[in-house]
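# Examination of the molecular architecture
Residues per chain, in single letters:
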Amino acid sequence: MASKSSNCLKYKICHSENLGRYLVSAKNISAGEVIIREDPVVVGPATFNKSSLCFSCLRHLSAASKKSHYICSKCNVAPLCNSFCEDSLGHHTKEECQLLESDKEFYSKNIQQITEILMHFRMWLLKVKNSNQWEQINEMEDHSIKRRNTEIWQEREESVVDVFREMKLISANDKNAGELVQKICGILDVNSFELRSPGGMGESPLRGLYLKTSLIAHECRGNTHITVDDKFQLTVFASLPIQKGEIIYFNYTSSLLGSAERKEHLREGKYFECKCSTCLDPFEGGSHLSSIICPRCRKGFVTIKNPLTINHYDKGTNWECQSCKRNYFGCLIKSTLEISKSLINNIEIDDIKKMENLLKTLSSTFHTNHFLILNLKQKLLTEYRRELSSPNPQKKTLLKMFQLCKEVYNVLEIIEPGISRAKGILLYEMHFPVAILANRAYAANEISSHDLLLKLQEAEDLLKKSLKMLLLEPATTPEGILTKRALQELKILSQNIDDVKSLSLTQSPKNRNLKKRNNFRKH
């Protein structure tokens, strides 16, 4: 965690009825500058995942299951984890070992249940062993009032509170203890961040709880960029310049969703109604992520008439064409979306031709930036990348890949301004078609060495812009590994540019005329 003195220079904690506790900049912050760097107070699986769990005291596990496992240094036995021992990262504790060892028979029969509540279990232990840290956690928003008597409340009662009782952590008759476990559930649901297993090992996601970062307010177009390294240390960078006194924002949902979908995700997962500037704009800041081509005039775009409407797809909800002013009910929009989603989900992902035809078909219904169109474009890009890895990718594929990357990038420029991981990756991918096609054209005598130089410099500029964003990524993450590759490719590309400059110099008209004059003099 960054020192208190350095953190105080970057932000301060404020409070309002609307946002609760939130962070504002205490100074002018430049894009790329670190705002917060901190370790998690607790880490665990987001879903059932044996590979992320260390039940090191279940000594009666079969010998076969122990062969490929590490040894827990605290209890000196093999943990039940296939990819890494959490103890090596400081998240498996002696207290866990002692408790899990106390009733091996029960825990061995209820591995799945215990795994699913591992984070809650660790929070409970933290309350006992670190009262100062627990006081800070206890101040976090849990939205118990909004959660009470809902489906999620009942689900947590059965899957977490009841398991705590079976583990004899709380008494069956202790209602206050049950309320506390529900509070822990709420704190984790509302404030935790999704994480990846170290080194990309393990497919199931993890979650981490961070004291300072959890205070950052939500905005669908944030001004921060977050990275997490292999030891789960989280770093918050400014993605844009932030002026002193400005609120520090992070987007807690996917930026490539439509307004209704983003709001629903936040409503169900974070228990608040988003009213940011993007969600209040029917055209979503000019991104048109939810815009549909008007079936009547074919010129205007149909958008939600009142963005504050809770359910955009109700029968009584009005959508309006901004050109001809024709109104449509939300249920019709919903039907259109569901049919289109079904077509996209059922498409054969390895059939590029069918995907391209579907994209053309849906583009007559939706704005080119609509979130469903973007979803299909990303599927197509996945297939284009596969062809790019072949020895001799086709020219038309390279051109299509560049165009799709550019279209998605232009949308991200609106919804993820400044530093963006997704933009960095797209810029990296865009440089390939430019460089490959330029070299092919020169080899076929279709362009001059000067034109080749301009194209290679264009590819170099794309790669440099990519690296400005990707260099913030931790070295051992997939993006960090990509960054290392990009640096190597930039070195090679720069050398090629120098070679072409030398070639262009010898082939320039001035040098050719000089050579002719010298030859004439010789005769």
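In the block above lies the structure referred to throughout.
Counting restarts for each chain: residues are numbered from 1 in the order of the written sequence. Local features in a predicted model are, by the rule used here, given only for residues with pLDDT of at least 70; side-chain atom pairs are given and counted only at 80 or more, and totals for whole chains, interfaces and linings are based on all residues. Excluded from the side-chain calculations are hydrogens and water; all other atoms, namely the structure's heavy atoms, are used.

Moving on, we get to the overall build of the protein. Secondary structure follows DSSP: runs of H or I at least 4 residues long count as helices, runs of E at least 2 residues long count as strands, and numbering of each begins at the N terminus. A tally of helices and strands in the protein yields 20 helices and 14 strands. Classification of the 523 residues of the protein by burial places 48% in the buried group. The contacts of the protein with a sequence gap of at least 6 include a subset with a gap of at least 24, amounting to 65%. For the protein, the exposed area adds up to about 26,200 Å²; of that, 52% sits on carbon and sulfur atoms. The classification of residues rests on relative accessible area computed with a 1.4 Å probe and restricted to protein chains. Under 20% of the type maximum is buried, over 50% is exposed, and intermediate values are partly exposed. Any two residues whose heavy atoms approach within 4.5 Å at even a single point are treated as in contact. Residue-level accessible areas treat just the shown protein chains as cover; the underlying method is Shrake-Rupley with a 1.4 Å probe.

Now for the pattern of salt bridges. We count a salt bridge whenever a side-chain nitrogen from Lys or Arg sits within 4 Å of a carboxyl oxygen from Asp or Glu. Under the defined criterion, the tally for this structure stands at 24 salt bridges. Across the salt bridge formed by Arg156 and Asp189, the nearest N and O atoms sit 3.1 Å from each other. Note that Arg156 is positioned in helix H9 (residues 151-166) and Asp189 in helix H10 (residues 175-191), a separation of 33 residues in sequence. Judged by its relative accessible area of 14%, Asp189 is buried. Residues Arg165 and Glu157 are paired through a salt bridge, measuring 3.7 Å at the closest nitrogen-oxygen approach. In the salt-bridge network here, residues are joined through shared partners; they are Glu155, Arg156, Asp189 and Arg207.

Our focus in this paragraph is the sheet that holds strand E9 (residues 234-238). Note on sheets: strands pair through backbone hydrogen bonds, and any given pair is parallel or antiparallel. As summarised here, the arrangement of the three strands in space is E3-E9-E8, forming an open sheet in which the pairing is antiparallel. Across the chains shown, the open sheet's two edge strands, defined by having one partner strand only, are strand E3 (34-38) and strand E8 (224-228). If you compare each strand with its neighbour and ignore which way they point, the axes differ by 15° on average. Criterion used throughout: strands pair if DSSP finds at least two bridges between them. With five bridges joining them, E8 and E9 adopt antiparallel strand pairing. Looking across to E9, one finds that Ile226 is bridged to Val236. Between the N-to-C directions of two axes lies an angle of 0 to 180 degrees, each axis being a line fitted to C-alpha atoms and, for a helix, fitted only over the stretch in contact.

At their nearest, the axes of helix H6 (residues 118-129) and H10 sit 10 Å apart, and the two run at 115° to each other. Of the two elements, H6 crosses H10, and the hand of that crossing is right-handed. Contacts from Met119, His120, Met123, Trp124 and Lys127 of H6 reach H10 at Leu180, Val181, Ile184, Cys185, Ile187 and Leu188. For this scheme, ten residues count as nonpolar: Ala, Val, Leu, Ile, Met, Phe, Trp, Tyr, Cys and Pro. Four count as charged, namely Asp, Glu, Lys and Arg, and the remainder, Gly too, count as polar. Residues belonging to the contact of H6 with H10 are distributed by class as follows: nine nonpolar, one polar and one charged. Here a crossing is taken to be left-handed if its near helix is turned anticlockwise relative to the far helix by less than a right angle, and right-handed if that turn runs clockwise.

Turning next to the side chain of Glu489. Relative to the assigned elements, Glu489 resides in helix H19 (residues 478-506). By the counting rule applied here, Lys and Arg register as positive and Asp and Glu as negative, while His and the ends of each chain are not counted. No salt bridge is formed by the buried Glu489, whose closest oppositely charged neighbour, Arg485, lies at an N-O distance of 5.1 Å. Polar contact criterion, stated in full: a pair of N or O atoms within 3.5 Å, where within protein one must be able to donate a hydrogen and the other to accept it, and residues adjacent in sequence count only if both atoms are side-chain atoms. Of note is the side chain of Glu489, whose polar atom sits 3.0 Å from the side chain of Tyr428. Ignoring anything within four residues of it in the chain, the contact list for Glu489 reads Tyr428, His431, Phe432 and Leu463.

So, about the packing of aromatic side chains. To describe a pair of aromatic rings, one takes the distance between the centres and the angle between the planes. Each pair of aromatic rings taken from Phe, Tyr and Trp, with Trp reduced to its six-membered ring, is defined by centres within 6.5 Å and is described as stacked if the planes are under 30 degrees apart, edge-to-face if over 60, and tilted in the remaining cases. If you walk through the whole model with that rule in mind, you get seven aromatic pairs. Taking the centre distance of 5.6 Å and the plane angle of 80° together, the rings of Trp124 and Phe164 count as edge-to-face. Of this pair, Trp124 sits in helix H6 while Phe164 sits in helix H9, placing them 40 residues apart in sequence. On the basis of an interplanar angle of 80° and a centroid distance of 6.1 Å, the ring pair of Phe193 and Tyr210 is categorised as edge-to-face. With Phe193 in strand E5 (residues 193-195) and Tyr210 in the loop between strand E6 (206-209) and strand E7 (217-218), this residue pair connects regions lying 17 residues apart in the sequence. Residue Phe193 shares its accessibility class with Tyr210, and that shared class is buried. Aromatic ring contacts, followed pair by pair, group Phe193, Tyr210, Phe250 and Tyr252 into a single cluster.

Attention now goes to the pairing of strand E2 (residues 20-25). Two strands pair when backbone bridges link them, and strand E1 (residues 11-16) and E2 are joined in this way by six bridges, in the antiparallel orientation. The residue of E2 that forms the bridge with Ser16 is Gly20. What sits between E1 and E2 in their antiparallel hairpin is a turn of three residues.

Notably, Tyr271 is not glycine yet its phi reads approximately 65°, a positive angle. Residue placement: Tyr271 occurs in the loop between helix H11 (259-269) and helix H12 (277-280). Phi at His288 is positive, roughly 60°, even though this residue is not glycine. Inspection of the secondary structure assignment puts His288 in the loop between H12 and strand E11 (292-293).

Below, the discussion takes up helix H14 (residues 352-362). Ile352, Met355, Glu356, Leu358, Leu359 and Leu362 are the residues of H14 that are buried. Buried residues along H14 cover an arc of 160° about the axis, so they all sit on one side. Opposite the buried face of H14, at more than 90 degrees from it, the exposed residues are Lys353 and Lys360. Here the arc refers to the directions that run from the helix axis out to each C-beta atom.

Structural measurements only, silent on function.
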